[in-house]
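So the chains spell out like this:
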Amino acid sequence: VVPKLKDLVQGHVIITRNIKTTDLAEADVAERVSKFCETANPYLGIYAKLDGIHLRIIARATTEEEASKLIRPVEQGIVAIMGPHVWGYDDESPEEAVATALKEKGFTLATMESCTGGMLASTITDVPGSSEYFRGGIVSYSNEAKAVNGVPAELIARFGAISQETAEAMAAAIRERFYTDVGIGVTGVAGPSEEEGKAVGTVFVSINLDQGVKNLTLRLPPRRALVKSRSVTTALIELCRYLNQL
């Protein structure tokens, strides 16, 4: 129906461009891009979403070309200001952004996850053609499963299964076992009760590449489903940002 709708509306076009950011609070983002909020056309909207703060540029004109010209300098200015905090555009999901970044680099990926119960691997494979870069994953839900798959038992005994050290060892082990360029390890407390003295919502993520290791400590709202989904989203966004900086 799109062509028919376009025929009905002449001389009035609305174009949008969505820029997705992470790691900053809504107020901080709003302050950084405040100079772009002073005009009505294009208009800049700021929205808090589960995967970060979205900046939506909306332009009105008589043609798509004219509307795009209005958007272009605003988009360029925002990207220049937000820099590495930008991880995606428009309807792009974290898993799609990761797919694009991995294919551009020619990298492969494997995962070892605990508290997310396989959700990370499942989300990655939601992208058609993900077998091009995703080699596979292991759900090491128990300490025994972690040890069998390359995480030293003495490391778990010393630091605990829920620790940054264990997440880092998981990422390194899965990368070695699956012969990939990138390994991700995720361990944490999904709830409903604390474990190893750590509060529900405490999650450790490690991203392992030849270029270095990136570790994250998350403090998420103590709701099991939310802990799992936010851990996956954050891990993918941070991987995308890391790859885009290489």
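In this text, all values refer to a predicted model and were calculated from it rather than measured experimentally.

Just checking my understanding: could you explain the sheet that holds strand 7 (residues 182-188) for this structure?
In a beta sheet, neighbouring strands are held together by backbone hydrogen bonds and run either parallel or antiparallel to one another. Pairing within the open sheet is mixed, and its 5 strands lie in the order 6-5-7-8-9. At either end of the open sheet lies a strand with only one pairing partner, and these are strand 6 (134-139) and strand 9 (212-219). On average, each strand axis in the sheet is inclined to that of its neighbour by 10°, with strand direction left out of account. Strand direction decides the pairing type here: strand 5 (residues 109-113) and strand 6, joined by 5 bridges, are parallel. Along strand 6, the bridge assignment pairs E113 with V139.

Help me understand the layout of surface pockets in this model?
Once rolled over the atoms, a probe with the size of a water molecule shows which space is left empty. Roughly 320 Å³ of volume is contained in the largest pocket. For the lining of the largest pocket, the secondary-structure elements that each account for two or more residues are strand 2 (43-49), strand 3 (52-61), strand 9 and helix 9 (224-245). If you tally residues by element for the lining of the largest pocket, the top one is helix 9, at 5 residues. The residue makeup of the lining of the largest pocket, split by class, is 8 nonpolar, 6 polar and 6 charged. Estimates place the volume of the second largest pocket at around 220 Å³. Every residue lining the second largest pocket is counted, 15 residues in all, and those nearest its centre are V86, W87, Y89, C240 and N244.

What exactly am I supposed to notice about the pattern of salt bridges here?
Think of it this way: side chains of opposite charge can pair up when their charged atoms draw near. If you walk through the whole model with that rule in mind, you get 9 salt bridges. Salt-bridge contacts for E65 lead to K69; the nearest nitrogen and oxygen are separated by 3.8 Å. Placement of the pair is E65 and K69 together in helix 3 (residues 64-82), with a separation of 4 residues, close to one helical turn. A relative accessible area of 54% means that E65 is categorised as exposed. The class for K69 is partly exposed, based on a relative accessible area of 49%. K214 is paired through a salt bridge with E238; the nearest N and O atoms lie 2.8 Å apart.

What counts, and at which threshold
Every chain begins its residue count from 1, and numbering advances along the sequence as written. A pLDDT threshold of at least 70 governs which residues receive local features in this predicted model, and a stricter bar of 80 or more applies before side-chain atom pairs are shown or counted, although totals over entire chains, interfaces and linings include all residues. Values reported for side chains reflect all heavy atoms of the structure, with hydrogen atoms and water molecules removed beforehand. Strand pairing is assigned whenever DSSP detects at least two bridges linking the two strands. Labels follow the DSSP assignment, with helices taken as runs of H or I lasting at least four residues and strands as runs of E lasting at least two, numbered in each case from the N terminus. What counts as an axis is a line fitted to C-alpha atoms, over the stretch in contact for a helix, and the angles between N-to-C directions run from 0 to 180 degrees. In this analysis a 1.4 Å probe is tested at points of a 1 Å grid over the protein atoms alone, and where it fits but cannot get out there is a cavity; an open set with protein on both sides within 12 Å along at least five of seven lines is a pocket; lining residues have an atom within 4 Å of a point. Grid points are joined across faces, edges and corners, and a volume is the space filled by probe spheres set on the points. Three classes are used, and their members are as follows: Ala, Val, Leu, Ile, Met, Phe, Trp, Tyr, Cys and Pro are nonpolar, Asp, Glu, Lys and Arg are charged, and the others, Gly among them, are polar. For this document, the term salt bridge refers to a Lys or Arg side-chain nitrogen within 4 Å of an Asp or Glu carboxyl oxygen. Relative accessible area decides the class of each residue, using a 1.4 Å probe on protein chains only: under 20% of the type maximum gives buried, over 50% gives exposed, and in between gives partly exposed.

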